[in-house]
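# Structural features, examined
Each chain is listed here by its residues.
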Amino acid sequence: MKTMKQANVGETLKVVKITGTGAVKRRIMDMGLTRGTEFFVRKVAPLGDPIEITVRGYELSLRKEDSEMIQVE
């Protein structure tokens, strides 16, 4: 299974599972990244942190450690 951290710019992916626990998982879900949600990878910073995506009609930047917890297909 691939994580969001491994996504390439220009890909449209779907969230399969969020592996975080507790408050971290809740925060990711509150930002609109729930199972089955599609998103578009807009930009990745040169060192891979942060990742900018478009999800549910708005732009969102995620830290590398948070993007490792999101499994995609």
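None of the values given here were measured: they were computed from a predicted structure. (Residues numbered from 1 in each chain as written. Predicted model: local features only at pLDDT ≥ 70, side-chain atom pairs only at ≥ 80, totals over all residues. Heavy atoms only, no water.)

### Points about the overall build of the chain
Regarding its fold elements, the chain presents two helices and six strands. Counting helices and strands in the order they occur from the N terminus, the chain gives β-β-α-β-β-β-α-β. Principal-axis analysis of the C-alpha atoms gives the chain an extent of 30 × 25 × 25 Å. Per-residue burial over the chain gives 34% buried out of 73 residues. Element-wise, carbon and sulfur atoms account for 49% of the exposed surface of the chain, whose accessible area totals about 4,400 Å². Here the chain contributes 13 positive and 10 negative side-chain charges, whose respective centroids are spaced 4 Å apart. (Helix = DSSP H or I, 4+ residues; strand = E, 2+ residues; numbered from the N terminus. Buried < 20%, exposed > 50% of the residue type's maximum accessible area, 1.4 Å probe, protein only. Areas by Shrake-Rupley, 256 points an atom, 1.4 Å probe, with all protein chains shown as cover. Lys, Arg positive; Asp, Glu negative; His and termini not counted. Charge placed at Lys NZ, Arg CZ, Asp CG, Glu CD.)

### Some remarks on the pattern of salt bridges
Within the structure shown, the criterion is met by nine salt bridges. As a salt-bridge pair, E73 and K14 come within 3.8 Å of each other at their nearest N and O atoms. With E73 in the segment after β6 (70-72) and K14 in strand β2 (residues 12-18), the pair connects residues that are 59 residues apart, well separated along the chain. Note on E73: relative accessible area 56%, which makes it exposed. For E52, the salt bridge goes to R42, with nearest N and O atoms at 3.1 Å. Taken together, the residues span a long stretch of sequence, with E52 in strand β4 (residues 51-55) and R42 in strand β3 (residues 38-44) at a distance of 10 residues. Given the relative accessible area of 16%, E52 is considered buried. Through salt bridges that share partners, R27, R63, E65 and D66 make up one connected network. (Salt bridge = Lys/Arg side-chain N within 4 Å of Asp/Glu carboxyl O.)

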